[in-house]
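A closer look at the structure
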Amino acid sequence: MSVLRSRPVLRWLVPATAAVAVIGSGAAIGTFAAEAEPSLPPRTAAQLLVDLQTSRLEGLSGTVVQRADLGLPSLVGLVPGNELTTLLTGTHTLRVWYSGPERQRVALLDTLGEQDVIRNGRDLWTWQSRTNTASHRTLGDAGAAKPAPEAVPNLPATPQEAADLALGAIDPSTEVSVGRSATVAGQDAYELVLSPRDQDSLVHQLRIAIDAKQHVPLRFEVLAKGSDQPAFEMAFTQVDYRRPDADQFTFNPPPGVNVNEEKAERPAAGKPEHAELAGDPQVRAVGAGWTTVLVARLDGAIGGKPADAKPAVPPAGAAPDVDLSKLLGGLAAVKGDWGSGRLLTGKLFSVLLTDDGRVLAGAVTPERLYQAARG
């Protein structure tokens, strides 16, 4: 269980990492600048975990930058607009404001426009500058506990969101330690380090920089094995702990904006609010902890054919977003006693697409995927 489960500070933040792919890449700023290591009183990993659990935050505003370099093969020309590769290799910027559990705002920025998500009490607004379109939803009792739009994938957008997910993984498979102190966004910070014990994990370390006074995660880094540079990182480059003005959470539709009024959907009776997170019946997990492998069968999409058949190609007349045959043809062909297929590898994950229509993925070595494929 995450140690932050009882403290929802910043958990409202819209998981905007995937949404950035829709609006394009943000302004690249390069590697986060290193600052002198501050001198801080010693604290143990257990004390830092308690700090995270017991901290209280009245307000916050700031700028968050996310950067990814996952070492993926070139997919240029295979994915229209190259939005996938932009997300997985680019740098993205967002502005955030927080003034309690009922007033939050996130602005996703790029060189061509902006996308905002604003919660003000029971009003939830989204706006895209490129299309000058907006949507509005009135949140009921069910919506109050889930302010983020359901259309936005549940991916981390801030160091706090990423840290919450990482801390939820702490179990005997994880070594927890204290790293070097740092200065992030002008704030002195401790560093909590999580290291997988399983050698089949592609993750070397997760590093979480925690504000020494406010106990808020300011930076989150993921290092792959064999590298001393983060493959993924997000950090505040500027942070202000004062409560933002109420005007920041008032949405004034720009001239000519087309506003779509949405109906709030309540969970079905007897269905847990986050039942969708319990797992898709088409997807199963093999293993546990850092080396969990997700296995899905995509009948009709990739395969569903005998093991010696080639990956299926979309039928004539279809208009796929991705040329599947070229995409699969660009991946390495692999085979073994588990069957045959194609392998996609990056610094932090591996994906196996088998010729019989299965997809296996995890932050693991290809060998661990092959083990799972045998089953």
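Refer to the structure above for everything that follows.
What comes next is a walk through the structure. Computed from a predicted model, the values in this text were never measured in an experiment.

On to the sheet that holds strand β19 (residues 358-362), then. The antiparallel open sheet is built from six strands, whose spatial order is β14-β15-β19-β18-β17-β16. Of all the strands in the sheet, just β14 (283-286) and β16 (332-336) have a single pairing partner and so form its edges. In this sheet, adjacent strand axes meet at a mean angle of 25° when their direction is disregarded. Where strand β18 (residues 350-354) lies against β19, four bridges are found, and the strand directions are antiparallel.

Within helix α2 (residues 45-54), the full set of buried residues consists of Ala45, Leu48, Leu49, Asp51 and Leu52. Along the axis of α2, the buried positions cluster into a sector of 155°, meaning they face one direction only.

A positive phi angle is found at Ala185, which is not glycine, with a value near 55°. If you trace the backbone, Ala185 turns up in the loop between β8 (182-184) and β9 (187-196). For His215, which is not a glycine, the phi torsion comes out positive at approximately 60°. Mapped onto the secondary structure, His215 falls in the loop between β10 (203-211) and β11 (217-224).

It is worth spelling out the environment of Ala182 at this point. Relative to the assigned elements, Ala182 resides in strand β8. Residues Ala182 and Ala212, spaced 30 residues apart in sequence, show a C-alpha to C-alpha distance of 9.7 Å. If we skip the residues at most four places from it in the chain, Ala182 touches Pro38, Gln187, Asp188, Ala189 and Arg219.

Here the focus is the nonpolar core. Within the largest apolar cluster, 21 residues are counted, with the highest numbers of intra-cluster contacts made by Leu192, Leu206, Phe220, Val222, Phe232 and Leu348. Within the residue set of this core, elements represented by two or more residues are α2, β9, β10, β11 and β12 (230-240).

Regarding helix α7 (residues 366-374), the residues found buried are Pro366, Arg368, Leu369, Tyr370, Ala372 and Ala373. Those residues of α7 hidden inside the fold are in contact with β14, β15 (293-297), β16, β17 (339-345), β18 and β19.

To continue, consider the pattern of salt bridges. Pairing of side chains with opposite charge becomes possible as their charged atoms draw close. Applying the stated criterion to the full structure yields 14 salt bridges. Glu262 serves as the salt-bridge partner of Arg137, at 3.2 Å between the closest nitrogen and oxygen. With Arg137 in strand β6 (residues 133-138) and Glu262 in strand β13 (residues 258-262), the pair connects residues that are 125 residues apart, well separated along the chain. For Arg137, a relative accessible area of 14% corresponds to the buried category. In this structure, the salt-bridge partner of Arg219 is Glu221, at a minimum N-O distance of 3.7 Å. When its relative accessible area of 15% is taken as the criterion, Arg219 is described as buried.

A word on the environment of Pro366. Inspection of the secondary structure puts Pro366 in helix α7. Taking the relative accessible area as the measure of exposure, Pro366 reaches 18% and is therefore buried. Among residues more than four places away in sequence, those in contact with Pro366 are Leu343, Thr345 and Ser350.

Taken as a whole and assessed by the stated rule, the structure comprises two aromatic pairs. Ring centres of Trp125 and Phe251 lie 4.7 Å apart, and the angle between their planes is 40°; this geometry places the pair in the tilted category. Of the two residues, Trp125 is situated in strand β5 (residues 123-128) and Phe251 in the loop between β12 and β13; the sequence distance between them amounts to 126 residues. Like Phe251, Trp125 is buried. Each ring, one from Trp338 and one from Tyr370, has its centre 5.2 Å from the other, and the planes form 10°; the classification is stacked. With Trp338 in the loop between β16 and β17 and Tyr370 in helix α7, this pair connects stretches of sequence that are 32 residues apart. Residue classification places Trp338 among the buried residues on the basis of a relative accessible area of 8%. If you follow Arg105 out to its NZ or CZ, it ends over the ring of Trp97, 4.7 Å from the centre.

Structurally, Thr133 can be placed in strand β6. A relative accessible area of 30% means that Thr133 is categorised as partly exposed. For Thr133 and Asn258, which are 125 residues apart along the polypeptide, the C-alpha to C-alpha distance reads 4.9 Å. If we ignore the near neighbours within four places in the chain, the residues touching Thr133 are Thr126, Trp127, Gln128, Val257 and Asn258. At 2.7 Å, the side chain of Thr133 forms a polar contact with the side chain of Thr131.

Counting buried residues along strand β3 (residues 103-109), five of its seven residues qualify, which places the element largely inside the surrounding structure. Where strand β2 (residues 91-98) meets β3, six bridges bridge the pair, whose relative direction is antiparallel. The partner of Val96 across the bridge, within β3, is Val106. The antiparallel pairing of β2 with β3 creates a hairpin that spans four residues between the two strands, and Gly100 there sits at a positive phi of about 95°.

Taken across its nine residues, strand β1 (residues 60-68) has nine buried, putting it largely inside the fold. In β1, alternate side chains face the same way, and those of Leu60, Gly62, Val64, Gln66 and Ala68 on one face and Ser61, Thr63, Val65 and Arg67 on the other are all buried. Of the pairings in the sheet, the one linking β1 to β12 comprises eight bridges and is antiparallel in character. Bridged to Thr63 within β12 is Gln238.

What counts as what
Residues numbered from 1 in each chain as written. Predicted model: local features only at pLDDT ≥ 70, side-chain atom pairs only at ≥ 80, totals over all residues. Heavy atoms only, no water. Pairing = 2+ DSSP bridges. Helix = DSSP H or I, 4+ residues; strand = E, 2+ residues; numbered from the N terminus. Axes fitted to C-alpha atoms, helices over the stretch in contact; angles between N-to-C directions. Buried < 20%, exposed > 50% of the residue type's maximum accessible area, 1.4 Å probe, protein only. Arc of directions from axis to C-beta. Contact = heavy atoms within 4.5 Å. Core = buried A, V, L, I, M, F, W, Y, C linked by side-chain atoms within 4.5 Å. Salt bridge = Lys/Arg side-chain N within 4 Å of Asp/Glu carboxyl O. Phe/Tyr/Trp six-rings, centres within 6.5 Å; stacked < 30°, edge-to-face > 60°. Lys NZ or Arg CZ within 6 Å of the ring centre and 35° of its normal. Polar contact = N/O pair within 3.5 Å; in protein donor to acceptor, adjacent residues only side chain to side chain.

By themselves, these observations are geometric and do not establish any function.
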